[in-house]
Amino acid sequence: MSAEGRPPRRRWKLFPWPGAKGADRADLVGDEQPADAGCTRIRDCAEGPEGREVVRVTGTLRAVTQRTVAGMPALQAELDDGSASLDVVWLGRRAIAGIEPGRAVVASGRIVRTHGRQVLFNPRYQLQPRGQE
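Residues numbered from 1 in each chain as written. Predicted model: local features only at pLDDT ≥ 70, side-chain atom pairs only at ≥ 80, totals over all residues. Heavy atoms only, no water.

> Go over the pattern of salt bridges, please, and point to the residues and values.
Taken as a whole and assessed by the stated rule, the structure comprises three salt bridges. The shortest N-O distance in the salt bridge between Asp87 and Arg117 comes to 2.9 Å. In this pair, Asp87 is assigned in strand β3 (residues 85–91) and Arg117 in strand β5 (residues 117–121), connecting sequence segments 30 residues apart. Note on Arg117: relative accessible area 31%, which makes it partly exposed. (Salt bridge = Lys/Arg side-chain N within 4 Å of Asp/Glu carboxyl O. Helix = DSSP H or I, 4+ residues; strand = E, 2+ residues; numbered from the N terminus. Buried < 20%, exposed > 50% of the residue type's maximum accessible area, 1.4 Å probe, protein only.)

Here it is, written out as structure tokens:
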């Protein structure tokens, strides 16, 4: 407790953003690696007998829409890499800056099959610089 009877302020620990200089994880996109390094083609992503593994995919957002899932807002985008497409859904979000049709994205997470489509819920993602689409 501080002198005024309040608990001390929390100090937040900052983690490097994927691809930032100093990020020490080899599976993240860095300045030295192309955007598709370590990425799986969407058509090759499937649930295996060992369970859902984390995949990393890259592609272009074809459509971005708002919808409701279980009574809460969701932002849904179709990610296409030329081999196939999948739906990327951010639950609890109505909009995300930079998530727009035509934008290149690298996303990672666990893919599930819902209503016959592959879906990536709340993925880690990195927007690619414009002009690299």
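Picking up after the structure, the text goes on.
> Please give an account of the nonpolar core that cites residues and values.
Ranked by internal contacts, the top residues of the largest apolar core, which has 17 residues, are Val57, Leu79, Leu86 and Trp90. Among the elements of the structure, β1 (54–69), β2 (72–80), β3 and β4 (104–114) are those that each provide at least two residues to this core. Once residues within four sequence positions are removed from consideration, Trp90 is found in contact with Pro73, Ala74, Leu75, Ala77, Ile96, Ile99, Asn122, Pro123 and Tyr125. (Core = buried A, V, L, I, M, F, W, Y, C linked by side-chain atoms within 4.5 Å. Contact = heavy atoms within 4.5 Å.)

> Describe the pairing of β5, and please don't skip the residues or the numbers.
In terms of strand pairing, β3 meets β5 through three bridges, oriented parallel. Note on β5: the bridge partner recorded for Val88 is Leu120. The pairing of β4 with β5 spans four bridges and is classified as antiparallel. Bridge assignment links Thr114 to a residue of β5, and that residue is Arg117. Connecting the antiparallel pair β4 and β5 is a turn made up of two residues, with His115 showing a positive phi of about 55°. (Pairing = 2+ DSSP bridges.)

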